[in-house]
Amino acid sequence: MDRLNSVIDSINAFAWGPPMLGMLGVTGVLLTLGLVFMPWRKIGYGFRLLFDRSDPAGSGEVKPFNALMTALSATVGTGNIAGVATAIALGGPGAIFYMWLIALFGMATKYAEAVCAVEYREVDKNGKHVGGPMYYLRNGVGQFAPELGKWLGLAFAVFGAVAAFGIGNAVQVNSMAAALGNSFSVPTWATGIVVAALVGVVIIGGIRRIGEVAGKLVPAMVVLYVGAALVIILINIVDVPAAFGLIFTHAFTPAAATGGFAGAAVAAAIRFGVARGVFSNESGLGSAAIAHAAAQTTSPVRQGIIAMLGTFIDTLVVCTMTALVILTSGAWTMTGADGGGLTGAVLTSTGFESTIIGGHYIVTIALAIFAFTTILGWSYYGERCWQYLFHEKSLWIYRGLWVAAALAFANVKVDLVWNLSDTLNGLMAIPNLVGLLLLAPMVFKVTREYFDSKGSGYIRDKRS
């Protein structure tokens, strides 16, 4: 087991190492430049589209809003709580600057993924729209390189179907069971049974029911968590300027050791900021494109603009709130029972608890809800990858395995599963990024057509 873990760690060093993170960054920069910074310029327009009820419904399975909420249900999760804290603990406050930077360029990547997903989606034998990287790799890249598109699509589907059980199921339910057990003394077996039952009831209804549940849970959990964080930030308002000062200062100069913080070089700030930023918002991994492919839309560009809001909300809003709580509360310099610095969810929980009574309960509840919605979102991602590899008639097998996994993994350690799924999650990005770069000219073209059409920023997609 130790030898297997060692091999997986070696692969993981590549999957989430500098070459991969560099490729993610370069792709985001190239797409942002090719789009003439459209994702930055059209954030306000994106929010107007998200709540626009005047546009005639296009073909698809779920409302654009619910498609975004499904994608957010899988991305807004433990990375926003534990991931941000780990970035600060290992990279210093400057890591947050690089989380912001990779998110700004990641908006273009997420936009391109959704545009490609809608452009090259298919209708299965049940009459439902299905899509995602495996489809735009096969149908898009396959137009000029059939064999390459075929193998890239197959690779993504295999990585996605397997990784979903780890990163989207085992790790989530296990984290939820541990958090509820520590804070509320809930037995792990009870958490497993309840989660498995609730997940089973939701996913049996497919993307429409997942979208409906996500459309209610995700906004509520984001508002509650961000609201609690805002209360803490307001209490510590005099320390907010200093917190931003730490972020910008240590983005370019080493952070010295202080209290429980061991210090960090600028290279560590870049590495952990970029890595945790990508892990949190998933821009470049291609997973969110699977949800956006099912959206009812009249244009791939419209859904792409809505999709890019996911990265903005996840990292530039939710992650920033977590970071400010940790920095303004001073928790990042505190020591734990072992005399070392705090990290992960414990660091975030300490930041909340040190400012408001019962703050750690807020973090526990947020973790539980985030984990549950992540299980729902990733169930759909894995299901679509399974359908691509096999057949829609076999989906009941996947759903049964998914529910059984939620029940089983609440009660076991998942170190090996975490490492393996983390590796496969990173490997998903390789075929996806290759496809995005090859399909970039199409993305630029349809974007120009959309905004040039009658000067209104609207064009009906004849394929929808």
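A short tour of the structure in this document, coming up.

### Remarks on the state of the cysteines
Should the sulfur atoms of two cysteines be covalently bonded, the bond is a disulfide.
Line of reasoning, step 1. The tally for this structure, following the rule as stated, stands at zero disulfides.
Line of reasoning, step 2. Here Cys116 is not cross-linked by a disulfide; its sulfur's nearest cysteine counterpart is in Cys385, at 16 Å.
Line of reasoning, step 3. Exposure remark for Cys116: the relative accessible area of 0% places this residue in the buried category.

### Considerations on the packing of helix 9 (residues 146-184) against helix 20 (residues 429-452)
Line of reasoning, step 1. Axis separation between helix 9 and helix 20 bottoms out at 9 Å; the angle between their running directions is 140°. Our classification of the angle between helix 9 and helix 20 gives oblique. Here helix 9 runs over helix 20; the crossing is left-handed. When helix 9 is examined against helix 20, the residues Leu148, Leu152 and Phe156 are found in contact with a partner set consisting of Pro431, Asn432, Val434 and Leu438.
Line of reasoning, step 2. The class makeup of the residues in the contact of helix 9 with helix 20 is six nonpolar, one polar and no charged.

### Let's talk about a nonpolar patch on the surface
Line of reasoning, step 1. A grouping of Leu33, Val36, Phe37 and Trp40 is seen on the molecular surface, where their side chains present a nonpolar patch of about 360 Å² in accessible area.
Line of reasoning, step 2. Along the polypeptide, Trp40 turns up in helix 3 (residues 38-41).

### Some thoughts on unusual backbone geometry
Line of reasoning, step 1. In this structure, Val36 is a non-glycine residue whose phi angle is positive, near 55°.
Line of reasoning, step 2. Relative to the helices and strands, Val36 resides in the loop between helix 2 (18-34) and helix 3.
Line of reasoning, step 3. The exposure class assigned to Val36 is exposed, which follows from its relative accessible area of 54%.
Line of reasoning, step 4. Positioned with a positive phi, Ser185 is a non-glycine residue whose angle comes to about 55°.
Line of reasoning, step 5. Considering the arrangement of structural elements, one finds Ser185 in the loop between helix 9 and helix 10 (188-203).

### Brief notes about helix 18 (residues 395-408)
What sets the pattern is the α-helix's 3.6 residues per turn: residues three or four places apart point alike.
Line of reasoning, step 1. Its 14 residues place the ends of helix 18 20 Å apart at the C-alpha level, agreeing with the 20 Å of an ideal helix rising 1.5 Å per residue.
Line of reasoning, step 2. Looking only at helix 18, the buried set comprises Leu395, Tyr398, Trp402, Ala405 and Ala406. Along the axis of helix 18, the buried positions cluster into a sector of 100°, meaning they face one direction only.

### As for the pattern of salt bridges
Line of reasoning, step 1. With the rule as written, the count across this model stands at five salt bridges.
Line of reasoning, step 2. Note that Arg208 and Glu61 form a salt bridge whose closest N and O atoms lie 3.2 Å from each other. Within this pair, whereas Arg208 is found in helix 11 (residues 206-235), its partner Glu61 is found in the loop between helix 4 (43-50) and helix 5 (64-75), the two being separated by 147 residues in sequence.
Line of reasoning, step 3. We note a salt bridge from Arg384 to Glu383, for which the minimum N-O separation is 3.5 Å.
Line of reasoning, step 4. By relative accessible area, Arg384 is classed as buried at 6%.

### A word on the side chain of Glu392
Line of reasoning, step 1. Locating Glu392 in the fold gives a position in the loop between helix 17 (359-389) and helix 18.
Line of reasoning, step 2. Only 3.2 Å separates the side chain of Glu392 from the backbone nitrogen of Lys125, close enough to count as a polar contact.
Line of reasoning, step 3. Residue contacts for Glu392: discarding those within four places in its chain leaves Asp124, Lys125, Asn126 and Gln387.

### Section: the side chain of Asn80
Line of reasoning, step 1. Its location among the elements puts Asn80 in helix 6 (residues 78-91).
Line of reasoning, step 2. Residue class for Asn80 comes out buried when judged on its relative accessible area of 0%.
Line of reasoning, step 3. Within polar-contact distance, the side chain of Asn80 engages the backbone oxygen of Asp314 at 2.9 Å.

### Concerning the nonpolar core
Line of reasoning, step 1. One finds Tyr111, Tyr136, Ile305 and Tyr381 to be the most contacted residues of the largest nonpolar core, which totals 154 residues.
Line of reasoning, step 2. In this view, Tyr381 contacts Thr70, Ala71, Ala74, Glu282, Ser287, Ala288, Ile290 and Ala291; residues no more than four positions away in its chain are not counted.

### Things to note about the packing of helix 11 against helix 17
Line of reasoning, step 1. Relative to each other, helix 11 and helix 17 sit at 155°, their axes nearing to 10 Å. Taken together, the axis directions place helix 11 and helix 17 in an arrangement best described as roughly antiparallel. Where helix 11 crosses over helix 17, the two elements pack in a sense that is left-handed. Every residue of helix 17 that contacts helix 11 at Ile207, Ile210, Val213, Leu217, Met221, Tyr225 and Ala228 is listed here: Ile362, Ala366, Ile369, Phe370, Phe372, Thr373, Leu376, Ser379 and Tyr380.
Line of reasoning, step 2. For the contact of helix 11 with helix 17, the residue count by class is 14 nonpolar, two polar and no charged.

### Thoughts on the environment of Ser394
Line of reasoning, step 1. Considering the arrangement of structural elements, one finds Ser394 in the loop between helix 17 and helix 18.
Line of reasoning, step 2. Separated by 34 residues in the primary sequence, Ser394 and Met428 have C-alpha atoms spaced 23 Å apart.

Definitions and cut-offs
- All chains use their own residue numbering, which begins from 1 and follows the written sequence.
- Reporting of local features is limited, given that this is a predicted model, to residues whose pLDDT is at least 70; pairs of side-chain atoms are given and counted only at 80 or more, and all residues count toward the totals for whole chains, interfaces and linings.
- Calculated side-chain values reflect all of the structure's heavy atoms, with hydrogen atoms and water omitted.
- The term disulfide is used for any two cysteine sulfur atoms that are within 2.5 Å.
- For each residue, the accessible area found with a 1.4 Å probe, counting protein chains only, is set against the maximum for its type, and the residue is called buried under 20%, exposed over 50%, and partly exposed in between.
- Where helices are involved, their axes are fitted lines through C-alpha atoms of the stretch in contact, as for all axes, and angles between N-to-C directions lie from 0 to 180°.
- Under the scheme used here, helices are H or I runs from DSSP no shorter than 4 residues and strands are E runs no shorter than 2 residues, and both carry numbers assigned from the N terminus.
- The labels follow the angle: roughly parallel below 35 degrees, roughly antiparallel above 145, roughly perpendicular from 65 to 115, and oblique for the rest.
- Helix crossings get a hand from a simple test, with the near helix turned counterclockwise from the far one by less than a right angle marking a left-handed crossing and a clockwise turn marking a right-handed one.
- The contact criterion used throughout is that any non-hydrogen atoms of two residues lie within 4.5 Å.
- Gly counts as polar in this scheme, as do all residues outside two lists: the nonpolar Ala, Val, Leu, Ile, Met, Phe, Trp, Tyr, Cys and Pro, and the charged Asp, Glu, Lys and Arg.
- A patch consists of residues whose relative accessible area exceeds 30% and which take part in no salt bridge; residues with like charges are grouped when within 9 Å of each other, and nonpolar side chains (Val, Leu, Ile, Met, Phe, Trp, Tyr) when within 5 Å.
- For every accessible area listed, the method is Shrake-Rupley and the probe measures 1.4 Å; residues are considered covered only by the protein chains on display.
- Salt bridges are identified by distance alone: a Lys or Arg side-chain nitrogen within 4 Å of an Asp or Glu carboxyl oxygen.
- Here, expected helix span is obtained from the residue count minus one, scaled by 1.5 Å.
- What the arc describes is the spread of directions from the helix axis to the C-beta atoms.
- Any pair of nitrogen or oxygen atoms within 3.5 Å is treated as a polar contact; in protein, a donor-acceptor pairing is required on top of that, and neighbouring residues in sequence qualify only through side-chain atoms on both sides.
- What is meant by a nonpolar core is a set of buried Ala, Val, Leu, Ile, Met, Phe, Trp, Tyr and Cys residues, joined one to another through side-chain atoms within 4.5 Å.

Note that all results are geometric; they support no functional claim without further evidence.
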